[in-house]
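So the chains spell out like this:
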Amino acid sequence: MGLTRYQAKRRFERTPEPSGGGGVEATVSNGGLVYVIQKHRAKRLHWDLRLQEGNILKSWAVPKEPPADAGVRRLAVEVEDHPLDYALFEGTIPAGEYGAGEVEIWDRGTYRVIETTPAKRWIEISGTRLRGAYVLLKLKPGEKDDRNWLFFKTKPFETQG
Ligand code: MN
């Protein structure tokens, strides 16, 4: 997808959000991939889940607080890819701009992939609030334009060996 949609939605002379020129500042050194959830007090409060894939952050908007425990499934609506350095962003998007409102980092850390398919991300998250195995599951895997996923914690899994 790249950053075309991200950049088209924003006026970088007005919003403090990163334009995507930098990119690698958020890269972590422990071998994991960047994981972050930003609490976003926009017109509707939501939590933005972001996972590094290559040099972008795949992003989902979660309308209710992401679950720390198994047993709760949250809707997660896929949104445009974000630049990697967005993982560090906190601040206020000014009134009148796309996503106007306060953004704060709600959780951050790293994740690793257990299994990925076009309709599924099975990952292990190492954050502060969220830790353990999580799944993102596309609700209608056959429909390319459907952006609705489920996000939930799975029961603890056995590590190999
Ligand atoms: Mn948002």
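Residues numbered from 1 in each chain as written. Predicted model: local features only at pLDDT ≥ 70, side-chain atom pairs only at ≥ 80, totals over all residues. Heavy atoms only, no water.

(A) Local environment of the coordination of the manganese ion. For the manganese ion, the full set of protein donor atoms is His 40 (ND1), His 46 (NE2) and Asp 48 (OD), and the range of their distances to it is 2.1 to 2.3 Å. The motif formed by the donor residues of the manganese ion, counted along the single chain, is H-x5-H-x1-D. (Donors = N, O, S within 2.8 Å, 3.2 Å for Na, K, Ca; no water.)

(B) Seen up close, the packing of aromatic side chains. Tallying each qualifying case throughout the model produces 5 aromatic pairs. Ring centres of Tyr 134 and Phe 151 lie 5.1 Å apart, and the angle between their planes is 20°; on these two criteria the pair is classed as stacked. Taken together, the residues Tyr 134 in strand β8 (residues 131–138) and Phe 151 in strand β9 (residues 148–153) connect sequence positions 17 residues apart. Assessed through its relative accessible area of 0%, Phe 151 is described here as buried. One aromatic cluster is present, built from ring pairs that chain together Tyr 6, Phe 12, Tyr 86 and Phe 89. Lying across the ring of Phe 152, Arg 73 places its NZ or CZ 4.1 Å from the centre. (Phe/Tyr/Trp six-rings, centres within 6.5 Å; stacked < 30°, edge-to-face > 60°. Helix = DSSP H or I, 4+ residues; strand = E, 2+ residues; numbered from the N terminus. Buried < 20%, exposed > 50% of the residue type's maximum accessible area, 1.4 Å probe, protein only. Lys NZ or Arg CZ within 6 Å of the ring centre and 35° of its normal.)

(C) Region of the structure containing the pattern of salt bridges. Summed over the entire model, instances satisfying the criterion amount to 12 salt bridges. Across the pair Glu 78 and Lys 58 runs a salt bridge, and its minimum N-O distance is 3.6 Å. Within this pair, whereas Glu 78 is found in strand β4 (residues 73–83), its partner Lys 58 is found in strand β3 (residues 56–62), the two being separated by 20 residues in sequence. Measuring nitrogen to oxygen at the nearest pair gives 2.7 Å for the salt bridge that ties Arg 112 to Glu 124. Within this pair, whereas Arg 112 is found in strand β6 (residues 101–117), its partner Glu 124 is found in strand β7 (residues 120–126), the two being separated by 12 residues in sequence. Under the relative-accessibility criterion, Arg 112 is labelled partly exposed at 40%. Residue class for Glu 124 comes out partly exposed when judged on its relative accessible area of 24%. A network of salt bridges, in which partner residues are shared, links Arg 10, Glu 17 and Glu 80. (Salt bridge = Lys/Arg side-chain N within 4 Å of Asp/Glu carboxyl O.)

That is the geometry; function is a separate question.
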